[in-house]
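Per-entry structural report
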Amino acid sequence: MMGRVLWAPEVFNCSAPDTGNMEILAQFGTPAQQERWLRPLLEGRIRSGFSMTEPMTPGSDPTQLKTRAVRDGDAWVLDGRKWFTTGAMHASVLLVVAVSDPEAPRHRRVSLFLVPTDAPGVTILRSVPVLGHISSPGECEVEFKDVRVPAGDLLGAAGEGFAVAQARLGPGRIHHCMRAVGMADRAVEMMARRAATRTVVGGLLAEKQMIQDFIARSRIEVEAARLLVLHAAWTMDTAGKKEAWPAISMAKVLAAQTACRVLDRAIQVHGGLGVTDDVPLAAMWRYARILRLGDGADEVHKAKLAEHELRRWR
Ligand SMILES: Cc1cc2nc3c(=O)[nH]c(=O)nc-3n(C[C@H](O)[C@H](O)[C@H](O)COP(=O)(O)OP(=O)(O)OC[C@H]3O[C@@H](n4cnc5c(N)ncnc54)[C@H](O)[C@@H]3O)c2cc1C
């Protein structure tokens, strides 16, 4: 239901990136961190951001991150630049991934820091326009310059940043999947309603086989994606978040691609109206298209799935 209306997740306080951030604050936060950040997040009084991706390093390979955290007495000093920190404009706290020990083994180099957005040295440089559109919470570019973070504001232990971030991704992704299915479902409904009322060249669009093919194929694809997402959620509940990663990756790839395809057809059936902001299809398509990159590009998930599958048969 949340995906059918783009602003619903914010109203019901289950939107990205807050849900994922709340999950790891609940799992790894100290009582003091939970009191300061988790409670107001749960009560919907503040918003948060997750700052991992950087403009100069590939988000698909976070072992190359450049943002540094250097220990100085009872604090860490952060320096670096992030972008695509969703929601930073309205956030009170950012969960920042930074390299705290460059000499450690690759997966033990980074830590996760809780950084208030009003801390000295934090500058939100801009909201990066995405597909020609600037969202109000922002896909933000953020600079961290000599930002002092008290040692107690580390989320999880030093060197465990990847493990904590990984714990965030599964739950975050399944929420994205559910929203994608909701959007695609609404697109099928809108496509059918439009086809049933628009008369073109002597007949309703609904009577034309090409349009019927759009509608039927879209319904088949939405139901297939819905079942895969439900399966991923069930696997998370029964086997655990970690073990569920292949199911989550499969659902993430299929749900985002399905939403893109179905929304594209719905736009086509609506003609010019479909690409205007008078109907929500264009905004939903933008969201679905972005989903093929955010929280892991399709190819990253497919590479991991192929590796997993090949290991079974080699
Ligand atoms: C709208 C939006 C919101 C976002 N929100 C956040 C956020 O809140 N916080 C945050 O930290 N990040 C966020 N991101 C960043 C997102 O996670 C990264 O864009 C994504 O991980 C890809 O990283 P990159 O952009 O650096 O592309 P790169 O890592 O440079 O990858 C480019 C392309 O290379 C290909 N590729 C990568 N790896 C492989 C592989 N193994 N095999 C084959 N092909 C491959 C893929 O096609 C990929 O799209 C957001 C991104 C977008 C677009």
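A quick note: this is a predicted structure, and the numbers were derived from the prediction, not measured.

1. Structural notes on the overall build of the protein chain
- Along the protein chain, the regular secondary structure elements total 8 helices and 9 strands.
- In terms of overall size, the protein chain behaves like a compact globule, its C-alpha atoms giving a radius of gyration of 21 Å where 314 residues would be expected to give roughly 20 Å.
- Dimensions of the protein chain, computed from C-alpha atoms along their principal axes, come out at roughly 80 × 50 × 35 Å.
- Of the contacts made within the protein chain by residues no fewer than 6 positions apart, 70% connect residues no fewer than 24 positions apart.
- Carbon together with sulfur atoms contributes 58% to the accessible area of the protein chain, which is approximately 15600 Å² in total.
- If the 40 positive side-chain charges of the protein chain are averaged to one point and the 35 negative ones to another, these points end up 4 Å apart.

2. Focus on the nonpolar core
- In this structure, V229, V262, L263 and L281 are the most contacted members of the largest nonpolar core, which totals 36 residues.
- Counting residues per element, this core draws most heavily on helix α6 (residues 245-270), which supplies 12 residues.
- Residues within four places of V229 in sequence aside, it is in contact with I174, C177, M178, V181, A251 and A255.
- L41, F50, V97 and F162 belong to the second-largest nonpolar core, a separate cluster that totals 22 residues.

3. A closer look at the pairing of strand β4 (residues 91-99)
- In terms of burial, β4 is largely enclosed, as 8 of its 9 residues are buried.
- By the bridge criterion, 5 bridges tie strand β1 (residues 47-51) to β4 in an arrangement that is parallel. Within β4, the position partnered with R47 by the bridge is A91.
- Bridge analysis of β4 against strand β5 (residues 110-116) gives 7 bridges, and the strand direction is antiparallel. Bridge pairing in β5 links L95 to L114.

4. Structural notes on the environment of G73
- Within the secondary structure, G73 sits in the loop between β2 (68-72) and β3 (75-86).
- A C-alpha to C-alpha distance of 51 Å links G73 and T258, two positions 185 residues apart in sequence.

5. Considerations on the side chain of D18
- Structurally, D18 can be placed in helix α2 (residues 18-28).
- Accessibility expressed as a relative area gives 0% for D18, which makes it buried.
- Within the structure, the side chain of D18 is placed 2.3 Å from the side chain of R47, a separation counted as a polar contact.

6. A closer look at the confidence of the model for the protein chain
- Of the residues in the protein chain, 100% reach a pLDDT of 70 or more, and the chain-wide mean stands at 95.
- Looking across the protein chain, the model is least confident in helix α1 (residues 8-11), with a mean pLDDT of 86, and most confident in α6, with 98.

7. Quick look at the packing of aromatic side chains
- The full count for this structure, using the stated rule, is 2 aromatic pairs.
- Ring geometry for W76 and F113: centres 5.6 Å apart, planes at 65°, overall edge-to-face. In this pair, W76 sits in strand β3 while F113 sits in strand β5, placing the two residues 37 residues apart along the sequence.
- Aromatic side chains W83 and F84 sit 4.7 Å apart centroid to centroid with 55° between the ring planes, which places their arrangement in the tilted category.
- Of the residues examined, F84 reaches a relative accessible area of 37% and is grouped as partly exposed.
- In this structure, R168 packs its charged tip against the face of F50, placed 4.0 Å from the ring centre.
- K304 extends its terminal NZ or CZ atom over the ring of W245, reaching a point 4.4 Å from the ring centre.

8. Re the pattern of salt bridges
- As enumerated under the stated definition, the model contains 25 salt bridges in all.
- Put simply, D153 and R36 hold a salt bridge, and the shortest N to O gap is 3.9 Å. Here D153, found in the loop between β7 (139-150) and α4 (161-195), pairs with R36, found in helix α3 (residues 31-42); they are 117 residues apart in sequence, far enough to count as distant.
- The partly exposed category is assigned to R36, whose relative accessible area is 44%.
- R219 is the partner of D185 in a salt bridge, and the nearest nitrogen-oxygen pair spans 2.8 Å. Within this pair, whereas D185 is found in helix α4, its partner R219 is found in helix α5 (residues 209-239), the two being separated by 34 residues in sequence.
- Given the relative accessible area of 15%, D185 is considered buried.
- Beyond isolated ion pairs, a larger network of salt bridges with shared partners links R4, D185, E189, R193, R219, E223 and R226.

Definitions and limits used
Residues numbered from 1 in each chain as written. Predicted model: local features only at pLDDT ≥ 70, side-chain atom pairs only at ≥ 80, totals over all residues. Heavy atoms only, no water. Helix = DSSP H or I, 4+ residues; strand = E, 2+ residues; numbered from the N terminus. Rg over C-alpha atoms; globule rule 2.2 N^0.38 Å. Contact = heavy atoms within 4.5 Å. Areas by Shrake-Rupley, 256 points an atom, 1.4 Å probe, with all protein chains shown as cover. Lys, Arg positive; Asp, Glu negative; His and termini not counted. Charge placed at Lys NZ, Arg CZ, Asp CG, Glu CD. Core = buried A, V, L, I, M, F, W, Y, C linked by side-chain atoms within 4.5 Å. Buried < 20%, exposed > 50% of the residue type's maximum accessible area, 1.4 Å probe, protein only. Pairing = 2+ DSSP bridges. Polar contact = N/O pair within 3.5 Å; in protein donor to acceptor, adjacent residues only side chain to side chain. pLDDT = per-residue confidence, 0-100. Phe/Tyr/Trp six-rings, centres within 6.5 Å; stacked < 30°, edge-to-face > 60°. Lys NZ or Arg CZ within 6 Å of the ring centre and 35° of its normal. Salt bridge = Lys/Arg side-chain N within 4 Å of Asp/Glu carboxyl O.

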